[in-house]
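# Architecture and fold: a report
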Amino acid sequence: VCLYQPFMELWAGKVNLFSLSKVFYFTLYFYVFTGRKIVLLYRDAAGIWEFDKWKPIVGGLFNLTINIILVNLIGVEGVIISTILSYLIIEQPWETRTLFKLYFKKNLLCFYKRWIFQFITAGIIVAISYGFCSFINLNTNLILTIIIRGSISLFLPIILLHLIYYQNNEYVYMKSVAVKGVMKLGKRGDKYI
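The following refers to the structure shown.

Each value, and the rule that gives it
- Residues numbered from 1 in each chain as written.
- Predicted model: local features only at pLDDT ≥ 70, side-chain atom pairs only at ≥ 80, totals over all residues.
- Heavy atoms only, no water.
- Axes fitted to C-alpha atoms, helices over the stretch in contact; angles between N-to-C directions.
- Helix = DSSP H or I, 4+ residues; strand = E, 2+ residues; numbered from the N terminus.
- Parallel < 35°, antiparallel > 145°, perpendicular 65-115°, else oblique.
- Left-handed = near helix turned anticlockwise from the far one by under 90°.
- Nonpolar A, V, L, I, M, F, W, Y, C, P; charged D, E, K, R; others polar.
- Core = buried A, V, L, I, M, F, W, Y, C linked by side-chain atoms within 4.5 Å.
- Buried < 20%, exposed > 50% of the residue type's maximum accessible area, 1.4 Å probe, protein only.
- Contact = heavy atoms within 4.5 Å.
- Expected span 1.5 Å × (residues − 1).
- Bend = angle between axes of the 7 residues up to and from the residue.
- Salt bridge = Lys/Arg side-chain N within 4 Å of Asp/Glu carboxyl O.

### Some points on the packing of helix 3 (residues 55-74) against helix 4 (residues 76-104)
Contact geometry for helix 3 and helix 4: axes closest at 8 Å, N-to-C directions at 155 degrees. Compared by their axis directions, helix 3 and helix 4 come out roughly antiparallel. Between helix 3 and helix 4 lies a crossing of right-handed hand. Tallied by class, residues from the contact of helix 3 with helix 4 come to 13 nonpolar, seven polar and four charged.

The structure is reproduced here in structure tokens:
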């Protein structure tokens, strides 16, 4: 969200920029699409993909129907919105239900509570990051704008995520794994110096 407009202006010129609403929809699409990947990875590894055989047909028909309706109403944004809706209403719930019912054999409620919390957290972090980045608009130097906004987009979310999750059990565990990994790399590096 923070880097799209200055990068596109540098690359394709100001006349080819999408509206800010389209940029937010692209970002939301990316978030929803990549968020599905962990469920798909587990499903594929567990070998239970045959239980989702009707999902692409149902999801595709839903997406096409909503796509036709929304494109006629609001244009290009309708394509992105219909795909996001298809992922959120048909595909992700279908995939998640299959995984939790057949593999984990657990209730979906905990998963969706965490997913909603993470979605809201991500939205707040995006809003804060975009708020800071919106003050950085050096029209005369787009490269410097991209560097400064890129730095804000990298470090501010890391700081905010740390403040939100620092007491979370998974975060504490992953942090210890990362520290141990860095320490091992450091020890291995000493052998070659």
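There's plenty left to go through after this.
### Overview of the nonpolar core
Grouped burial of nonpolar side chains is what soluble globular proteins tend to show. Listed in full, the seven residues of the largest apolar core are V39, I48, L99, F100, L108, F111 and W115. Those elements giving two or more residues to this core turn out to be helix 4 and helix 5 (109-133). L99 has contacts with V39, Y42, R43, I48 and F104, leaving out every residue within four places of it along the chain. One finds C2, I125, C133 and I152 within the second-largest nonpolar core, a separate group that totals six residues.

### Some points on helix 4
For helix 4, with 29 residues, the first-to-last C-alpha span of 39 Å sits near the 42 Å given by 1.5 Å per residue. At Y87, helix 4 shows its strongest bend, of approximately 40 degrees. In the segment just after helix 4, K105 is the residue with positive phi, at about 55 degrees.

### Comments concerning the side chain of N63
Looking at the element boundaries, N63 is found in helix 3. Note on N63: relative accessible area 17%, which makes it buried. For N63, the contacting residues outside a window of four places in its chain are S82, T83 and S86.

### A few points about the packing of helix 5 against helix 6 (residues 142-165)
At a closest axis distance of 10 Å, the pairing of helix 5 and helix 6 adopts a crossing angle of 140 degrees. Considering their axes alone, helix 5 and helix 6 lie oblique with respect to each other. The two elements helix 5 and helix 6 cross, and the hand of that crossing is right-handed. Residues F117, Q118, T121, I125, I128, S129, F132 and C133 of helix 5 lie in contact with helix 6, whose contacting residues are R149, I152, S153, L156, P157, L160, L161, I164 and Y165. Looking at the contact of helix 5 with helix 6 residue by residue, the classes come out as twelve nonpolar, four polar and one charged.

### Section: the pattern of salt bridges
Overall, the coordinates contain six salt bridges when judged by the stated rule. For the salt bridge of R36 with E91, the shortest nitrogen-to-oxygen distance reads 3.2 Å. You can see R36 sitting in helix 2 (residues 20-46) and its partner E91 sitting in helix 4, a full 55 residues away along the chain. Across this residue pair, the class does not change: R36 and E91 are buried. Residue E95 pairs with R36 through a salt bridge whose shortest N-O separation is 2.4 Å. Pair noted here: E95 is in helix 4 and R36 is in helix 2, with a separation of 59 residues, a long-range link.

Note that all results are geometric; they support no functional claim without further evidence.
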